[in-house]
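Residue strings, one per chain:
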Amino acid sequence: MTKDEVLAIFRDCGAMLEGHFILSSGLRSPVFLQKAKVFQYASQTEKLCKALADKIHADGFGDVTKVVSPAIGGIIPGYETSRHLGVPALYTERVDGKFELRRGFEIAPDDKVIVVEDIVSTGLSIRECVEALRAIGANVVAAACLIDRSGGEADVGVPLVSLIEFKVPAYPADQLPPELAAIPAVKPGSRGIQGVK
């Protein structure tokens, strides 16, 4: 899929929001990609995740044996991408602020794991997920996301496969441009949800 095709899906689903948003990283941005509005449509999610699975193959990571995603945002794209890769989908959850593999999920020493996330801004969720998986001996070979908002700048600790890069301005709260500072800020992400940090 091209960048224009991916962004058209987000626009068509009403998922390309404009205003003043507090990202889960704490940075502020005039654009927020509300991927949950895309994920409510199975057909659109399938298109994006099949394209991501194809990109994972094209980038040399098609031999993975497990997909692991950080909850909450990564669960749906991780599951759908794993379906197209033909491998199981697992996810990590935060317990006392740190990611853990729970619910009886297991990773064998010979598994090759790819971490699949929805959208990357700073890469923090993927980095924390990779660290948690490596702590239990997992072989994490790469990570993948639908959209890399960092424009290739995020360090996730492993190679990152992104369906597209879409660099959107993001600012520290004390360095806002005047036009953004004039708009009330809202926090639409998931890190403020009970039990999600």
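Conventions and cut-offs
- Residues numbered from 1 in each chain as written.
- Predicted model: local features only at pLDDT ≥ 70, side-chain atom pairs only at ≥ 80, totals over all residues.
- Heavy atoms only, no water.
- Pairing = 2+ DSSP bridges.
- Helix = DSSP H or I, 4+ residues; strand = E, 2+ residues; numbered from the N terminus.
- Axes fitted to C-alpha atoms, helices over the stretch in contact; angles between N-to-C directions.
- Contact = heavy atoms within 4.5 Å.
- Phe/Tyr/Trp six-rings, centres within 6.5 Å; stacked < 30°, edge-to-face > 60°.
- Lys NZ or Arg CZ within 6 Å of the ring centre and 35° of its normal.
- pLDDT = per-residue confidence, 0-100.
- Core = buried A, V, L, I, M, F, W, Y, C linked by side-chain atoms within 4.5 Å.
- Buried < 20%, exposed > 50% of the residue type's maximum accessible area, 1.4 Å probe, protein only.
- Disulfide = S-S within 2.5 Å.
- Expected span 1.5 Å × (residues − 1).
- Salt bridge = Lys/Arg side-chain N within 4 Å of Asp/Glu carboxyl O.

What the six strands build is an open sheet, ordered β5-β4-β3-β6-β7-β8; its pairing is mixed. Every other strand in the sheet has two partners, leaving β5 (98-101) and β8 (160-165) as the edge strands with one partner each. The sheet shows a mean angle of 25 degrees between the axes of neighbouring strands, direction not considered. This element, helix α5 (residues 124-135), spans β3 (66-70), β4 (89-95), β5, β6 (112-120), β7 (139-148) and β8 of the sheet and lies at about 160 degrees to β6.

All chains considered together, the criterion is met by two aromatic pairs. Seen in terms of ring centroids, Phe21 and Phe32 are 5.7 Å apart; in terms of plane orientation they differ by 40 degrees. Their pairing is tilted. Taken as a pair, Phe21 in strand β1 (residues 16-22) and Phe32 in strand β2 (residues 28-33) lie far apart in primary sequence, eleven residues in all. Ring plane angle 75 degrees and centroid distance 5.2 Å describe the contact between Tyr91 and Phe105, whose orientation is recorded as edge-to-face. Of this pair, Tyr91 sits in strand β4 while Phe105 sits in the loop between β5 and β6, and the two are 14 residues apart along the sequence. Across from the ring centre of Phe99, 4.1 Å away, lies the NZ or CZ of Arg94, which sits over that ring.

With that settled, consider the confidence of the model for the protein chain. Detailed reading of the predicted coordinates is not advisable wherever pLDDT is low. Summing up the model confidence of the protein chain, the mean pLDDT is 92 and the portion of residues at 70 or higher is 95%. Considering only residues more than four positions removed or in separate chains, one finds that residues 192-197, a stretch of pLDDT under 50, has eight contacts.

With that settled, consider the nonpolar core. Of all hydrophobic cores here, the largest spans 35 residues; its most connected members are Phe10 and Ile147. For this core, the secondary-structure elements that each account for two or more residues are α1 (3-12), β2, α2 (35-39), α3 (42-58), β6, β7 and β8. Element by element, the count of residues in this core is highest for α3, at six residues. Excluding residues that lie within four positions of it along the chain, Ile147 makes contacts with Val6, Phe10, Leu33, Asp118, Ile119, Val120, Ile164 and Phe166. Counting 19 residues, the second-largest nonpolar core is a separate cluster that includes Leu90, Ile107, Val115 and Val158.

Tallying each qualifying case throughout the model produces zero disulfides. Here Cys13 is not disulfide-linked; the sulfur of Cys49 is the nearest cysteine sulfur, at 12 Å. Residue class for Cys13 comes out buried when judged on its relative accessible area of 9%. Here Cys129 stays unpaired: no disulfide links it, and the sulfur of Cys145, its closest cysteine neighbor, is 13 Å away.

What follows covers α3. The terminal C-alpha atoms of α3, which comprises 17 residues, lie 24 Å apart, in line with the 24 Å expected from a rise of 1.5 Å per residue. Among the residues making up α3, those that are buried are Gln44, Thr45, Leu48, Cys49, Ala51, Leu52, Ala53 and Ile56. Those residues of α3 that are buried are in contact with α1, α2, α4 (75-85), β6, β7 and β8. Backbone geometry just downstream of α3 places Gly60 in the positive-phi region, at approximately 90 degrees.

Attention now moves to the pattern of salt bridges. Counted according to the given criterion, the structure contains eleven salt bridges. The residue Arg102 makes a salt bridge to Glu93 at a minimum N-O spacing of 3.8 Å. With relative accessibility at 39%, the residue Arg102 sits in the partly exposed group. In this structure, Glu153 engages Lys167 in a salt bridge whose closest nitrogen and oxygen atoms are separated by 3.3 Å. Taken together, the residues Glu153 in the loop between β7 and β8 and Lys167 in the loop between β8 and α6 (178-181) connect sequence positions 14 residues apart. Salt bridges sharing common partners tie together Glu46, Glu80 and Arg83.

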